[in-house]
Amino acid sequence: MSDKDVKIRIEGLSKIFGANPKSVIPQVQQGISKEDLLKKHKHVLGLDNINMDLHDHSIEVIMGLSGSGKSTLIRHINRLIDPTIGNIIIDGENVCDMNDKQLRDFRQAKTAMVFQKFALLPHRTVIDNVRFGLEMQGKDGAFIKEKAHYWLERVGLKGFEKHYPAQLSGGMQQRVGLARALACDADILMMDEAFSALDPLIRSDMQDILLELQVELKKTIVFITHDLDEALKIGDRIAILNNGRLVQQGPAQDILMNPADDYVERFVADVNRTRVLLAKSIMSAQVPSEINHTDTVVVGQDDTVQEVLHQMLTEDALQVVVADEDGQHVGSIDTDTLAEAVSHQVEEEKTTT
Amino acid sequence: MRKAIDDGFREFTQAYGESLEAFFDPLLTFLVWSEKVLLNSPWPLVIIAIAGLAYLGSRSWKLVVGVIVAFCVIGYLGMWEDTMSTLSIITVCTIVAIAIGIPLGILMARSDKVQAVVTPILDIMQTMPSFVYLIPVVMLLGIGKVPGLIAVIIYALPPIVRLTNLGIRHVDPDVVEAANAYGCTSWQKLKNVQIPLALPSIFAGVNQTIMMALSMVVIASMIGVKGLGQPVLKAITNQYFSMGLLNGLAIVAIAIIFDRVSQQYGLRIQKHREGGHGV
Ligand SMILES: Nc1ncnc2c1ncn2[C@@H]1O[C@H](COP(=O)(O)OP(=O)(O)OP(=O)(O)O)[C@@H](O)[C@H]1O
Ligand SMILES: [Mg+2]
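Residues numbered from 1 in each chain as written. Chains lettered and ligands numbered in written order. Predicted model: local features only at pLDDT ≥ 70, side-chain atom pairs only at ≥ 80, totals over all residues. Heavy atoms only, no water.

Chemist: Tell me about the site of ligand 1, and name the residues and values.
Modeler: All names here are of chain A. In the region of ligand 1, 13 residues are neighbours, and Ser66, Gly67, Lys70, Ser71 and Thr72 sit closest. In this structure, lysine 34 approaches ligand 1 through a side-chain N or O atom, which is 2.9 Å from an oxygen atom. Glycine 67 is positioned such that a nitrogen or oxygen atom in its backbone is 2.8 Å from an oxygen atom of ligand 1. Protein coverage of the free-state accessible area of ligand 1, which is 630 Å², stands at 61%. Elements supplying a minimum of two residues to the shell around ligand 1: strand E2 (44–55) and helix H3 (70–77). (Near = heavy atom within 4 Å. Polar contact = N/O pair within 3.5 Å; in protein donor to acceptor, adjacent residues only side chain to side chain. Areas by Shrake-Rupley, 256 points an atom, 1.4 Å probe, with all protein chains shown as cover. Helix = DSSP H or I, 4+ residues; strand = E, 2+ residues; numbered from the N terminus.)

Right under this line is the structure:
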């Protein structure tokens, strides 16, 4: 699904909060730590030399502990926050060079945002909230009306047009937030912990809605979360921030298999690997020349380890062969590898409990 | 030193008094006109109009009945004319205070510098005994309706300015951020987000402004403003207790009506926000 066109390129982006950010750029460029900068120079290091590409048509997740700079980073994409140094290039245009008018036009045309606390207009009805972005774009009345009703229906809120946000549950309010964003028809959808305020079941529903819509819309979605399960479920790629620095970016499988450092390792420690790791990530590329059909099972390369185990056990197999979508055998998994993938999980559960 | 100031001010008055008076002419016309309308209309019509406004504002029949009874009693006790004068001066003052106060409050909310300049001025306006600024007003414009009006406006202005400023500054920053993220111009943001969300606070300001204006009526009558204040003043100098009491009660009645109606209205415009939103 995701071709690798770069939609958003972030170059050497640093953000320093404080009285005179420019004055401490040299120290930051020499790699001073966040603590030292705060202690010695009374400035907060929000982001430190971030370089990253965000791909078109994919869900790019940004993760990190509280205070790691996730919100700061996403707000640079539409310049709700101005960078101290660095550039943000979207579709070849440098957002940092835009004047006020250009910036407003850019925000209206290219970006839409969904907020953790919904940020709906409490004095406007649900339908008028969905209309908001379109009104700002200056679209004509009939067009706005049609779009607003269409998107409200798409998020499952038909019939609630005349309600006020305060009359809806959190999950429903965030659907309004989502409809407001989607109605703008912008390429880039920014979601800052958009589902974090919702309870687990509703949250899972919202993730499903988002994934469903994305299959058809193919937007560039920048999604912030501090929940790894959520990141693994919806992210095409995951970027991990620590103290304002980008420590790793890549597909979920890479991050689980090859964590870049201790921080990432601790981050992924709690996840249930058997449900996330795929056959293709742990297989070896050797295809056995002979296949003994009674004790061999053929699995898909995108099956999870859990599914592989399940098939092995139900079919009493001893050997696993991995096939791609066309049924071509592309590799195999030996039992030791499987045992390791599972034991990693078991060990961690022992240590955490 | 004191003499120098006084002389200077007197000269200023002589030089500019007339053009100043001309400047405030529209205000006078407005006041005279509204007074005429209230006094020349037949009294049942006036009561019906006021009761109707009270209903529109509060949607409460109890209040409407209260209004009708209060005004009938006022008329029966011979205070109709003074009451109408007071009503018209309050109306004019409130409209002028809103017209000046809300834009000023908005300016203050948008700029810390403006806030830093205006806040101490408001403090002075509120703490300075009203008699003190009556002096220059009277020197400039003499005794009469307009100086009285100006004195009342000066006294009643601070709450509306303060509460507009406060209301806009306290609008949920998340919602303001959303407005920015969707590419609002600052005018769109003001119109669609900040003013609507600050409205309860702005309304509290209007309410307080009306109350302040009413409480100033007696003092303003000292410099020739007609209305319920004058009989009170007369009662004080001649020790007519019952006259003072009755006129005082009429002022209280008007105050209560204004207060309830504007409060109910304020509550009504924010009823669908109950329970807040989000977290
Ligand atoms: N306006 C500001 N002034 C000073 N420091 C700030 C400001 N905004 C953010 N920071 C600091 O920058 C760092 C990153 O904050 P940010 O809000 O981006 O974190 P986050 O990853 O979104 O955290 P959370 O998960 O809690 O939302 C924090 O140390 C924070 O204190
Ligand atoms: Mg955040």
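On we go.
Chemist: Describe unusual backbone geometry, with residues and values.
Modeler: Residue and element names in this part refer to chain A. One non-glycine residue, aspartate 185, adopts positive backbone phi at about 60 degrees. Here aspartate 185 shows up in the loop between helix H7 (170–183) and strand E7 (188–192). The class for aspartate 185 is exposed, based on a relative accessible area of 56%. Of note, the phi angle at aspartate 316 is positive, near 55 degrees, even though the residue is not glycine. With a relative accessible area of 66%, aspartate 316 lands in the exposed category. (Buried < 20%, exposed > 50% of the residue type's maximum accessible area, 1.4 Å probe, protein only.)

Chemist: Could you give an account of the sheet that holds strand E5 (residues 93–94) of chain A, naming the residues involved and the relevant values?
Modeler: All names here are of chain A. Across the sheet, four strands lie side by side as E2-E1-E4-E5; this open sheet has antiparallel pairing. The strands lining the two open edges of the sheet, one partner per strand, are E2 and E5. In the sheet, strand E4 (residues 85–90) pairs with E5 via two bridges, with the strands oriented antiparallel. Note that in E5 the partner of isoleucine 90 across the bridge is glutamate 93. Lying on the sheet, helix H2 (residues 34–41) is in contact with strand E1 (6–17) and E2; it crosses E2 at an angle near 145 degrees. Here H3 sits on the sheet and contacts E1, E2 and E4; the angle it forms with E1, its principal contact strand, is near 125 degrees. (Pairing = 2+ DSSP bridges. Contact = heavy atoms within 4.5 Å. Axes fitted to C-alpha atoms, helices over the stretch in contact; angles between N-to-C directions.)

Chemist: How would you explain the environment of A:Val126 if you had to name every residue and give the values?
Modeler: Residue and element names in this part refer to chain A. Along the chain, valine 126 turns up in helix H5 (residues 126–137). The exposure class assigned to valine 126 is buried, which follows from its relative accessible area of 0%. The spatial distance from the C-alpha of valine 126 to the C-alpha of proline 200 is 24 Å, given a sequence separation of 74 residues. Residues contacting valine 126, with those up to four places away along its chain left out, are Leu152, Phe160, Glu161, His163, Leu168 and Val176.

Chemist: Outline the environment of B:Met79, listing residues and values.
Modeler: All names here are of chain B. Mapped onto the fold, methionine 79 is located in the loop between helix H4 (61–76) and helix H5 (80–110). With a relative accessible area of 7%, methionine 79 lands in the buried category. Distance in space between the C-alpha atoms of methionine 79 and glycine 227 is 9.1 Å, their sequence separation being 148 residues. Discounting chain neighbours no more than four positions away, the residues touching methionine 79 are Ile74, Leu228, Leu246, Asn247 and Ala250.

Chemist: I'd like a description of the side chain of A:Ser14, backed by residues and values.
Modeler: Residues and elements named next belong to chain A. Structurally, serine 14 is set in strand E1. What makes serine 14 buried here is its relative accessible area of 4%. A polar contact of 2.8 Å, which involves the side chain of serine 14, links it to the backbone nitrogen of asparagine 49. Discounting residues that sit within four places of it in the chain, serine 14 has contacts with Leu47, Asp48, Asn49, Pro83, Thr84 and Ile85.

Chemist: If you had to explain the packing of helix H6 (residues 112–127) of chain B against helix H8 (residues 145–169) of chain B to someone new, which residues and values would you point to?
Modeler: All names here are of chain B. Contact geometry for H6 and H8: axes closest at 9 Å, N-to-C directions at 145 degrees. Classified by chirality, the crossing of H8 by H6 is left-handed. Between H6, through Asp112, Gln115, Val118, Thr119, Leu122, Asp123, Met125 and Gln126, and H8, the contact on the second element is made entirely by Ile154, Leu157, Pro158, Pro159, Val161, Arg162, Asn165 and Arg169. When grouped by side-chain class, the residues that make up the contact of H6 with H8 number eight nonpolar, four polar and four charged. (Left-handed = near helix turned anticlockwise from the far one by under 90°. Nonpolar A, V, L, I, M, F, W, Y, C, P; charged D, E, K, R; others polar.)

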